[in-house]
Amino acid sequence: MDLPQAVIARWKRREIREGRIAASQDPDTSDLCRSEIEQLRGQRPSIDRDASLALWLEHATRNDADRRDALEEAADLLTRATVIAERRDQYDGLDDLRRWRRRTCYLRDCATAPMPEAAATEEVPRLEKDASAAAVAAFLARGEPVLVEGGADACVAARGAWAPAALAASLGAKSAPLKAADAPSSGESWAGLGTKGQLPLGAFLERPDEGLYLHDWSLPRNAPEALLDELRTPRWLRGDLLRRCGDDVPYAGAWPSLFVGAPGTRSTCHVDSGSLHFAMALVHGGAKKWRVWRREDAAFLYPRFAVSADDVLFDAARAGAAQPRWVVCQKPGDIVFVPSDCPHAVDNDGVTVGIATNFVDGSNVDAVAASLADAGDAASLRLRQRLLALADEGEDVPAKRARV
Ligand SMILES: O=C(O)CCC(=O)C(=O)O
């Protein structure tokens, strides 16, 4: 099944080739969308037709202020396609089903969720560096971000080893997928970043510029032992259930990861996949300017889906989009915690070096388990079972919540 974005890109290439539009033009695609939708409406209902029509309805109305009817119809179509596909013994599009289920949730939210009470934007609450794990967990359990002043110092032996020049010495011989906002895929890629290519780290770390961003680069998978020895697990992350689930599960060894941002780089508004919490320690910089939205505001940030990926993208800059609930300027030495499923965006002020991790505690374990059940493959189900078993043990699980 061709995604609308792919059909539109093909159409645009043909129009340019045949001289009807200029390469620089951003053509009006509403006639094309209308005709695709009409054509699909004329076809007999089937899994493919329903799923395709739902995607076109979502795509064609993404700029409409009043799109609730279209989204409700899209959600109904996807629900029907999913139910029929699930009943088929031989339906082999497991990924499609997972994606459709997620889309259906978002579409329904966007179509039907009541607009949450507007709330003024506030500073992210701050804790001092001797804050307990329970104090941080309590914020996450309420769906609120929190900053621990000086908390980044508990994540490394010494911050000096993480300055770009020091990293150039330890990582300079490696190459990594550096990202940028203007990379080809940036229009629809996660957090507004596309991959510029596998580029040498030495040159980048000696002069982090030209809008390049080393983004979420796994340290355990890539860094030498000597640099890994510089890492520490702060008390707020010792209860992380993920790191106790073994090496044969999804995410194993992915985190902590390294972020080195040139001045002006950014992560646009996104949620982290799989309902995982997020923590970012700023070990060198510059500053990171955070905007964080409430979970319930996600439906009002014009969510849409990346081309051929499960990731939800938001258009928080659009007029009428919900305003961030919290903002904060993170200084070197601070650590910021973002609760699962809260949309967030970050702007780098100056060169920044951050160390980050996604994690699971008692307050998001059920949501993570639901997302793994949805993924449905053997490794995800194994991780789900281990997480739930750890949560049931109860000990070391801060803010355990009642299982529904
Ligand atoms: O660019 C950043 O510092 C933020 C990254 C982020 O929010 C994420 O990886 O979830």
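Everything numeric here is computed off the predicted structure, so don't read it as measured data.

Draft legend 1. Up close: the site of the ligand. The local shell around the ligand consists of W190, Y213, H215, F259, S267, H270, D272, F278, M280, K288, H344 and V346. Measuring from an oxygen atom of the ligand, one finds a side-chain N or O atom of K288 at 2.6 Å. A distance of 2.9 Å is found between an oxygen atom of the ligand and a side-chain nitrogen or oxygen belonging to H344. For the shell around the ligand, the secondary structure elements donating two or more residues are β6 (213–218), β8 (266–270), β9 (277–284) and β15 (344–349). Grouping the constituent residues of the shell around the ligand by class yields six nonpolar, four polar and two charged.

Draft legend 2. Structural view of the pattern of salt bridges. Inspection of the entire model under this criterion finds 21 salt bridges. Where D153 meets R159, a salt bridge forms, and the shortest distance between an N and an O atom there is 2.8 Å. R159 sits in the partly exposed class, given a relative accessible area of 29%. Salt-bridge contacts for D347 lead to R266; the nearest nitrogen and oxygen are separated by 2.9 Å. Separated by 81 residues along the polypeptide, D347 in strand β15 and R266 in strand β8 bring together distant segments of the chain. Connected via shared salt-bridge partners are E15, E18 and R20.

Draft legend 3. The arrangement of the environment of A299 in detail. Locating A299 in the fold gives a position in the loop between β10 (287–292) and β11 (304–305). According to the relative accessible area criterion, A299 is buried, its value standing at 11%. Sequence separation between A299 and A111 is 188 residues, and the spatial gap between their C-alpha atoms is 8.5 Å.

Draft legend 4. Spatial organisation of the pairing of β9. With seven of its eight residues buried, β9 lies for the most part within the structure. Bridge analysis of β9 against strand β16 (residues 352–359) gives seven bridges, and the strand direction is antiparallel. Its bridge partner being in β16, A281 is matched across the sheet by I355. Here four bridges tie β9 to strand β14 (residues 335–338), and the two strands are oriented antiparallel to one another. By the bridge assignment for β14, M280 is matched with V336.

Draft legend 5. Local environment of the domain arrangement of the protein chain. Domain annotation for the protein chain reports domain 1 (4–112) and domain 2 (122–393). Computed over C-alpha atoms only, the centres of domain 1 and domain 2 are separated by 30 Å.

Draft legend 6. How the structure looks around the side chain of S363. With respect to the element layout, S363 can be found in the loop between β16 and α11 (365–375). A residue is classified by how much of its surface remains accessible, and S363, at 9% relative accessible area, is buried. For S363, the side chain forms a polar contact with the side chain of H277, separated by 3.1 Å.

Conventions used here
- Residues numbered from 1 in each chain as written.
- Predicted model: local features only at pLDDT ≥ 70, side-chain atom pairs only at ≥ 80, totals over all residues.
- Heavy atoms only, no water.
- Near = heavy atom within 4 Å.
- Polar contact = N/O pair within 3.5 Å; in protein donor to acceptor, adjacent residues only side chain to side chain.
- Helix = DSSP H or I, 4+ residues; strand = E, 2+ residues; numbered from the N terminus.
- Nonpolar A, V, L, I, M, F, W, Y, C, P; charged D, E, K, R; others polar.
- Salt bridge = Lys/Arg side-chain N within 4 Å of Asp/Glu carboxyl O.
- Buried < 20%, exposed > 50% of the residue type's maximum accessible area, 1.4 Å probe, protein only.
- Pairing = 2+ DSSP bridges.
- Domains from an automatic or database assignment.

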